[in-house]
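The lines below spell out each chain.
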Amino acid sequence: MNELNGYDVEDLAPGMTATFSKTITEADIVMFAGVSGDNNAIHINEEFACSTPFGGRIAHGFLTASVISAAIAGRLPGPGSIYLEQKMRFVAPVRPGDTVHACVTVKEIDARRHVVLETICRVGGKEVVIGEATVKVGSAKTREEKKKLAATA
C-alpha cells in the first residue's frame, strides 16, 4: 500500500475486485446539469421526458459512470492511482432514486504499471453501464529505490 492507502502494483493481482455504491438523487442530477452544462430535457424536464421511450427522467450517463471513478479512486486501486482511459457502453437507464453499484475487477497488469479493470455498474442487479478502464499505479519498489538514491546523493 502507498502512503495514501492505495494499492501499489506489487499488491495487485488479476481477479481482485471492489465495489462502490451511490443513490442518484434529484439534487445530484440538478447539480450535474449545472456543473456540466448538460441541460438536456431528458434529465431535467419530467413532462418532456414522459413523452420519450424512457417514460420519464433519467440520470446523465456520465453522472452514472462517475460511480466507477469513485470505486477506482477510493477502493481499487485506490488513492494515488491515475485514471488514463475509460471505455464504456450505456445499456440501460438510471432514474432518480436508483442506487448504482459500481464493480471494478483487475483484468491485467503490464510492465508500465498500467492496470486494466473491467468496470460494471448495476441497478437492482441489472447492468446499466459496462466497460473497461486503464489506470496507472505506483510501485513500492520504485519509491524505495528513489529514497536510497536520495540518501546517497
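Our subject is the structure that appears above.
Residues numbered from 1 in each chain as written. Predicted model: local features only at pLDDT ≥ 70, side-chain atom pairs only at ≥ 80, totals over all residues. Heavy atoms only, no water.

Considerations on the pattern of salt bridges
Here is step 1 of the chain: By the definition in use, this model includes seven salt bridges.
Here is step 2 of the chain: A salt bridge links Glu 132 to Lys 107; its shortest N-O distance comes to 2.6 Å. Here Lys 107 lies in strand β3 (residues 99–109) and Glu 132 lies in strand β5 (residues 126–136), a separation of 25 residues in the sequence.
Here is step 3 of the chain: According to the relative accessible area criterion, Glu 132 is partly exposed, its value standing at 25%.
Here is step 4 of the chain: Residue classification places Lys 107 among the partly exposed residues on the basis of a relative accessible area of 41%. (Salt bridge = Lys/Arg side-chain N within 4 Å of Asp/Glu carboxyl O. Helix = DSSP H or I, 4+ residues; strand = E, 2+ residues; numbered from the N terminus. Buried < 20%, exposed > 50% of the residue type's maximum accessible area, 1.4 Å probe, protein only.)

Notes on the side chain of Asp 28
Here is step 1 of the chain: Here Asp 28 lies in helix α1 (residues 26–36).
Here is step 2 of the chain: For Asp 28, a relative accessible area of 14% corresponds to the buried category.
Here is step 3 of the chain: Of note is the side chain of Asp 28, whose polar atom sits 2.9 Å from the backbone nitrogen of Thr 25.
Here is step 4 of the chain: Apart from residues lying up to four places away in sequence, Asp 28 is in contact with Lys 22, Thr 23 and Leu 63. (Polar contact = N/O pair within 3.5 Å; in protein donor to acceptor, adjacent residues only side chain to side chain. Contact = heavy atoms within 4.5 Å.)

Things to note about unusual backbone geometry
Here is step 1 of the chain: Geometrically, the link from Leu 76 to Pro 77 is a cis peptide bond, its omega value of 0 degrees lying close to zero.
Here is step 2 of the chain: On the secondary structure map, Pro 77 appears in the loop between α4 (61–74) and β2 (82–90).
Here is step 3 of the chain: Not every positive phi belongs to a glycine, and Asn 5 is a case in point at roughly 70 degrees.
Here is step 4 of the chain: Mapped onto the elements of the fold, Asn 5 is located in the segment before β1 (17–23).
Here is step 5 of the chain: With a relative accessible area of 57%, Asn 5 lands in the exposed category.

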